[in-house]
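# Structure at a glance
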Amino acid sequence: EIATDRRRRALVLLAWLVGWYVVPEALAAPYADQFGAGPAVVGLLMAADPLGSVLGAWLFVRFVPADTRARLVGVLAVGAGVLLVLCILRPGVPLTLLLWAVSGMLSTAYLLQTQASFVRATPDEGRGRAIGVAASGIIAAQGAAVLVGGLLADLWDPATAVAVAGVIGALLSAGGAVAWYRANRDVDAATGPAVLSRG
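Residues numbered from 1 in each chain as written. Predicted model: local features only at pLDDT ≥ 70, side-chain atom pairs only at ≥ 80, totals over all residues. Heavy atoms only, no water.

Turning our attention to the side chain of Ser173. Mapping Ser173 onto the fold places it in helix α9 (residues 158-191). Only 2.7 Å separates the side chain of Ser173 from the backbone oxygen of Gly169, close enough to count as a polar contact. (Helix = DSSP H or I, 4+ residues; strand = E, 2+ residues; numbered from the N terminus. Polar contact = N/O pair within 3.5 Å; in protein donor to acceptor, adjacent residues only side chain to side chain.)

The following block contains the structure:
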């Protein structure tokens, strides 16, 4: 059912891609060790993304108009990855904390909107099953991304692994955002000017 609906397919893809943005938190300990930092820094790194997520969710809902949020999904998703790419420059701990926190803000904001749009685009009779598939996919995607991130950290180093996760997330999110935009454009063209919001 989801596979035949271009809008929901794009939204699910974007939601699953958030898995790439949890890689930093999973690599916090080896990342800190790479810079010679101790357990306190590990704790700060692990807290950066969750704290950014809480702040991002509040700011997004509080200050972004409802009719604007859907249009920002692609920008936020790509931006969350681009910030992680900067870890390839081996920034110090303070800048890394900022990058990870802001990435968490953006990724949580776009995930909230993709979930809300997905629910609104799903018919009542199939909503429970569809949400279950989407939620299970997010969990699986996070596990797979963390596994890949760990393998990359062993192959290169944690900073490079985080940067590569950011590259993958940003590129795939850009593709998902284009698919989302095109699907909405086609729906608008088919239904005419009476459609006031894309949801």
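So that's the structure; there's more coming.
What follows covers the pattern of salt bridges. One pass over the full model with this rule turns up three salt bridges. Arg8 is the partner of Asp5 in a salt bridge, and the nearest nitrogen-oxygen pair spans 3.1 Å. For the pair formed by Asp5 and Arg8, the shared burial category is buried. Asp124 is the partner of Arg127 in a salt bridge, and the nearest nitrogen-oxygen pair spans 3.0 Å. (Salt bridge = Lys/Arg side-chain N within 4 Å of Asp/Glu carboxyl O. Buried < 20%, exposed > 50% of the residue type's maximum accessible area, 1.4 Å probe, protein only.)

So, about unusual backbone geometry. Of note in this structure, Arg90 is not a glycine but carries a positive phi near 55°. Tracing the backbone through its elements, the reader meets Arg90 in the loop between α6 (73-85) and α7 (93-121). For Arg90, a relative accessible area of 34% puts it in the partly exposed group.

A separate point is the side chain of Thr114. Among the structural elements, Thr114 can be located in helix α7. Judged by its relative accessible area of 1%, Thr114 is buried. Apart from the residues lying within four places of it in its own chain, the contact partners of Thr114 are Leu11, Leu14, Ala15 and Val73. (Contact = heavy atoms within 4.5 Å.)

Glancing now at helix α1 (residues 6-16). Residue pairs spaced three or four apart in an α-helix point in one direction, given the helix's 3.6 residues per turn. Among the residues making up α1, those that are buried are Arg8, Ala10, Leu11, Val12, Leu14 and Ala15. Structurally, the start of α1 carries an N-cap: the backbone nitrogen of Arg7 is 3.0 Å from a side-chain oxygen of Asp5.

As a rule of thumb, nonpolar side chains are buried together in soluble globular proteins. Among the nonpolar cores identified, the biggest contains 47 residues, and Trp100 and Tyr110 are the most heavily contacted of them. Looking at this core, the elements that each hand over two or more residues are α1, α3 (28-34), α4 (39-63), α6, α7, α8 (127-155) and α9. (Core = buried A, V, L, I, M, F, W, Y, C linked by side-chain atoms within 4.5 Å.)

By the definition in use, this model includes four aromatic pairs. Each ring, one from Tyr31 and one from Trp100, has its centre 4.9 Å from the other, and the planes form 65°; the classification is edge-to-face. Taken together, the residues span a long stretch of sequence, with Tyr31 in helix α3 and Trp100 in helix α7 at a distance of 69 residues. We note that Tyr31, like Trp100, is buried. Judged by centre distance (5.5 Å) and plane angle (85°), the ring pair of Trp58 and Phe63 falls under edge-to-face. In this structure, Arg62 is placed above the aromatic ring of Phe63, and the distance from its NZ or CZ to the ring centre is 5.1 Å. (Phe/Tyr/Trp six-rings, centres within 6.5 Å; stacked < 30°, edge-to-face > 60°. Lys NZ or Arg CZ within 6 Å of the ring centre and 35° of its normal.)

Taken N-terminus to C-terminus, the directions of α1 and α8 make an angle of 30°; their axes are 8 Å apart at the nearest point. On the basis of their axis angle, the class for α1 and α8 is roughly parallel. Seen along the crossing, α1 lies across α8 with a hand that is right-handed. Along the contact surface, α1 presents Arg8, Val12, Ala15 and Trp16, while α8 presents Ala130, Val133, Ala134, Gly137, Ile138 and Ala141. In terms of residue class, the contact of α1 with α8 is made up of eight nonpolar, one polar and one charged. (Axes fitted to C-alpha atoms, helices over the stretch in contact; angles between N-to-C directions. Parallel < 35°, antiparallel > 145°, perpendicular 65-115°, else oblique. Left-handed = near helix turned anticlockwise from the far one by under 90°. Nonpolar A, V, L, I, M, F, W, Y, C, P; charged D, E, K, R; others polar.)

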